[in-house]
Every structure is written in structure tokens, then in C-alpha cells.
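Listed below, chain by chain, are the residues.
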Amino acid sequence: ELRAGALDPDQAVTLAQWLAAEGDVAAAAGVLEVAVARPGESAALARAMVVLARICDERLGDALKARRFYEDVARRFPGSPAAKFAADRLALKA
């Protein structure tokens, strides 16, 4: 069982990508949800949130959850590449 803070966001993204490639998309999302629950404002955290949003949208079919993560990235990381990506995705879904 993973707890918040057990993996840094970069480690969580690596593990989630491996899990998704192995077909366990729900576990990949779970790992990322734990990682993004931690406090902070790093570029790695923003990337983990974008990867989680993409998994929710593209692999789990949960557009509402993905939207929530994209909106959170845009709000928490303004001006960052992750925020631009999130804003572009939100515009496509509008």
C-alpha cells in the first residue's frame, strides 16, 4: 500500500507508466493519485498531475476527473508547460 510521500512525483510517473504498459491502468492512476496528493508546487508534481489527467481521460474514460486535474494544473502552475498543456486540453474538450 502506497502512502502520500512514499514516492516522489517523478518516481510515481515512472511506476505509473510501467503499470499502464502492463495493462494495470487503475493501479497506475492510483499511484499517481497518491503522488499528487502531496503538497508542493514542483514541475515534477505538475507533470504527474498531467499524466494522471491523461490516464483518467484517455485510458479510464473519466473525462470529469481528468478535467478536474487539468483545471488544478492550470490554476496551481500558471505559466508552466504543464499549465499550457492542461489549458490546451481543456480548450479541446470545451
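Residues numbered from 1 in each chain as written. Predicted model: local features only at pLDDT ≥ 70, side-chain atom pairs only at ≥ 80, totals over all residues. Heavy atoms only, no water.

Visitor: Hey, could you go over the overall build of the protein chain for me, with residue numbers and the actual values?
Guide: The secondary structure content of the protein chain amounts to five helices and zero strands. For the protein chain, whose C-alpha radius of gyration is 12 Å, the value lies close to the compact-globule estimate of 12 Å for 94 residues. In terms of its C-alpha atoms, the protein chain occupies a principal-axis envelope of roughly 35 × 30 × 15 Å. Classification of the 94 residues of the protein chain by burial places 39% in the buried group. Pairs at least 24 residues apart make up 50% of the contacts formed inside the protein chain by residues separated by at least 6 positions. With an accessible surface of roughly 5400 Å², the protein chain has 55% of that area assigned to carbon and sulfur atoms. (Helix = DSSP H or I, 4+ residues; strand = E, 2+ residues; numbered from the N terminus. Rg over C-alpha atoms; globule rule 2.2 N^0.38 Å. Buried < 20%, exposed > 50% of the residue type's maximum accessible area, 1.4 Å probe, protein only. Contact = heavy atoms within 4.5 Å. Areas by Shrake-Rupley, 256 points an atom, 1.4 Å probe, with all protein chains shown as cover.)

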